There are 2 protein chains.
Amino acid sequence: MIHMSDELSERQQKILKLIVQEYVQTGRAVGSKALIDRYKLGVSPATVRNDMGILEDQAFLQHPHTSAGRVPTDSGYRYYVENLLGNPRVPMSEQIRIRHQFSQVEMQVAASMKLAAAVLAEASGNIALISPPRSIQETVRHFELISLRDHLILLILVTQSGTVHESFLHIDDPVDQETLSATSRQLNDEIRDMRHTEIQLQASRHESFSALVLEQIAALMQRTEQESTAELHSEGLERALRQPEFSHGGVAQQLLEVLRGGALLSVLLPQVRQKDDLRIFIGSENVSDELQSYGVIIARYGATNEVTGLLGILGPTRMPYDRSISTVRYVSHLLSDLLRQVHADEPEQ
Amino acid sequence: MIHMSDELSERQQKILKLIVQEYVQTGRAVGSKALIDRYKLGVSPATVRNDMGILEDQAFLQHPHTSAGRVPTDSGYRYYVENLLGNPRVPMSEQIRIRHQFSQVEMQVAASMKLAAAVLAEASGNIALISPPRSIQETVRHFELISLRDHLILLILVTQSGTVHESFLHIDDPVDQETLSATSRQLNDEIRDMRHTEIQLQASRHESFSALVLEQIAALMQRTEQESTAELHSEGLERALRQPEFSHGGVAQQLLEVLRGGALLSVLLPQVRQKDDLRIFIGSENVSDELQSYGVIIARYGATNEVTGLLGILGPTRMPYDRSISTVRYVSHLLSDLLRQVHADEPEQ
DNA sequence: GTTAGCACTCTCGCATGATGAGTGCTAATC
DNA sequence: GATTAGCACTCATCATGCGAGAGTGCTAAC
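Here the structure is a predicted model, which means the values were calculated and not measured. (Residues numbered from 1 in each chain as written. Chains lettered and ligands numbered in written order. Predicted model: local features only at pLDDT ≥ 70, side-chain atom pairs only at ≥ 80, totals over all residues. Heavy atoms only, no water.)

### Concerning the packing of aromatic side chains
Each aromatic ring pair is summarised here by two numbers: the centre-to-centre distance and the angle between the ring planes. Short version of the rule: Only Phe, Tyr and Trp rings are paired, with Trp represented by its six-membered ring, and only when their centres lie within 6.5 Å; those with planes under 30 degrees apart are stacked, over 60 edge-to-face, the remainder tilted. Secondary structure follows DSSP: runs of H or I at least 4 residues long count as helices, runs of E at least 2 residues long count as strands, and numbering of each begins at the N terminus. For every residue, the accessible area obtained with a 1.4 Å probe (protein chains only) is divided by the maximum for its type, and the residue is called buried under 20%, exposed over 50%, and partly exposed between those limits.
Per the counting criterion, the structure on display carries four aromatic pairs over all chains. Note on Y77 of chain A and Y321 of chain A: the rings are 5.5 Å apart at their centroids and 50° apart in plane angle, and the pair reads as tilted. You can see Y77 of chain A sitting in helix α4 (residues 74-84) and its partner Y321 of chain A sitting in helix α14 (residues 321-342), a full 244 residues away along the chain. The buried category is assigned to Y77 of chain A, whose relative accessible area is 2%. For Y321 of chain A, a relative accessible area of 1% corresponds to the buried category. Seen from their ring centres, F60 of chain B and Y79 of chain B are 4.9 Å apart, and the 50° between their planes marks the pair as tilted. Linking F60 of chain B in the loop between α3 (45-57) and β1 (61-62) with Y79 of chain B in helix α4 (residues 74-84), this pair joins segments that are 19 residues apart in sequence.

### So, the pairing of strand β5 (residues 140-149) of chain A
Residue and element names in this part refer to chain A. For clarity, the cut-off: Pairing between strands is defined by DSSP: at least two bridges between the two strands are required.
Within β5, eight of the 10 residues are buried, leaving the element largely enclosed by the surrounding structure. Looking at chain direction, β5 and strand β6 (residues 152-159) are connected through eight bridges and run antiparallel. Directly across from E144, in β6, lies its bridge partner I156.

### Things to note about the pattern of salt bridges
Applied cut-off: One speaks of a salt bridge when a side-chain nitrogen belonging to Lys or Arg is within 4 Å of a carboxyl oxygen belonging to Asp or Glu.
Scanning the model with the defined rule gives 32 salt bridges over all chains in all. The partner of D189 of chain A in a salt bridge is R192 of chain A, with the nearest N and O atoms 2.9 Å apart. Looking at D189 of chain A, the relative accessible area reads 56%, which means it is exposed. A relative accessible area of 38% places R192 of chain A in the partly exposed class. In this structure, D37 of chain B and K33 of chain B form a salt bridge, with 3.7 Å as the shortest nitrogen-oxygen distance.

### Looking at the interface of chain A and chain B
Put simply, the test is: We call two residues in contact when some of their heavy atoms are within 4.5 Å. Simply put, the buried area is the total loss of 1.4 Å probe accessible area from both parts when two parts are fitted together. Pairing of N or O atoms within 3.5 Å defines a polar contact, subject to two protein rules: one partner must be a possible hydrogen donor and the other a possible acceptor, and residues neighboring in sequence count only if both atoms are side-chain atoms. Note on residue classes: Ala, Val, Leu, Ile, Met, Phe, Trp, Tyr, Cys and Pro are nonpolar, Asp, Glu, Lys and Arg are charged, and everything else, Gly too, is polar.
Counting residues at the interface gives 40 residues for chain A and 39 residues for chain B. Across the chain A to chain B interface the summed buried area is about 3,500 Å²; carbon plus sulfur atoms make up 60%. Between R242 of chain B and E257 of chain A there is a salt bridge, with its nearest N and O atoms 3.1 Å apart. There are six residue pairs in polar contact (both at pLDDT 80 or more) connecting chain A and chain B. Going through the elements one at a time, β5, β6, β7 (164-170), α10 (237-241), α12 (251-260) and α14 of chain A are the ones with two or more residues in the side of chain A that touches chain B. Sort the elements by how many residues they give to the side of chain A that touches chain B and β5 of chain A lands first, with six residues. Partitioned by chemical class, the residues of the side of chain A that touches chain B number 16 nonpolar, 13 polar and 11 charged.

Shown next as structure tokens:
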């Protein structure tokens, strides 16, 4: 079989795969000798060296310095993920364990999300990312007005995605609970399934108190809509910091800034548009500088294409892609199933 | 004036104060020469050295090694905080800036808490701690039942402290919104101001659906009561990690574990019992080993003695106590004022 | 195409030595 | 009696140098 200059022989692929795995595990550059010692390849170190040289020419490997072993480049990881990984699955025993944990929290969305994050962090040893399921264009499902004090009302709003929002409403003239209930009953019918822009419009058709309430609702929805695109929780920082990559001073701080900072939100996440889409970003493939030395795996989950959230894993480029990918995919499906039970009016086909 | 062996002369106090301030600022051990260079004391280095020696005998200072400058001990900080600090106040310009920020978020408790944390972190350069205002024994103020789907109901509960809780309720036989509203109207009157134990009791007096609802409410309250004692948010980690104390590898991780771990919650916080109580824990004064190298300033804020929360600052023992203490005190009063507007039925005398 | 052999490179860890900040002590001074 | 000048001494820090070890690349043989 003749090898094109940009095709890898079977053995070269195998060597690349082993180097990636070995390096991910140990964190040290992999030498030809070490590779032979740990896996019987049936060939001599010299042969491996030759292949390594070729892999280096193809930019899949690199030297930290002249006399160290090889380390995968970002393209090396990319090749590994795309061609050498197959379709990794979560081991059955793991699946059962995870499903069992999820069955404990049942229908509580908040608790499920926490659990999902914990599972992701646990499985990868890295940082789990998760954003709550939100609709792109939230509409009103229901709201309530509760009198707290003479001049203070609590507004509770439930939106289409089942999220509960709250806000205090300050009024000049006292209104009793009866009137509040009557008002809310009437207005609820009026604005059900409306977007915040429509409610804003509707507010102008009312006067005094009703108008105030509607405006508050519109404002609340708008505010949370803006915030929801910026909501990204993370989990597993402590454990992740135990890794040698991160244990060096200053890196921890940088990592926190990445998490808090906008690069993830503004650059990476918008690329994951559809439900069940799973994307992998490795090191320099990230446009953003901050993320140069990280690998990110992100999937979009949700009951429908309307109400969705994101979840994934962030770690050093040197991360266990196989386990991470399979776990992200599995947990994302679990969460989707769960949401379907809570949100969808009818099960998906 | 005769000096008792355990009393400090005026000059010794001044030297101690300067050493603490200088060390807090620079982070490097302070030598006699350096002290003279930066502040004109009107005496020679040798004199300062003698006084330093005495301060060291009294265990207010210590040598890292034979030939380095002096560093305050934990008792040194303690003496500084108690005797040399006076009653530090937030500068007027700061006060105005902070008050202005608070006026922006107005009555939104959640936003105010975030802001409070941000202000604390900003002022101290360290980590802000804050726990939401909760009542020791929450009672029911109001609840609502909202039908989401045939077999799924959203339960929204408002407790005495004004906190909103939510929970999904799964039922076998569909109930329409009309019935839900009727049920909730009736039950609301029944259980207003009750504790979860009383509600549990009340549940047994009802049958089927009503009983289910009451039980769910009781369970929800109990759950959140347990959680509320374990709720402690932190803010400003990134900035804090920029400090030399923390930039060394591994410390970041340890710090995260302190925050997540229970030492703070279970050991320190319970000691701050009353509203407006402000406590300072310095290094080894903390019983817990994890906190050996940290200083913690905590105050309890609240509208009344019933509904209270905690807020404070955690940093290395080497922290700016003056600014930290004054800011904690100031912000705590601001939050108390705010809560008084929201919660208290009548203003405090 | 594969392998053995070998010179070469470069990091890492360790000992060495110079530097300099800071001390503690003693004796002189105010 | 308190303060100060002078001086020998201590010890962390930093740069330098050196040996060991891991790993490579090349060439020539298989």
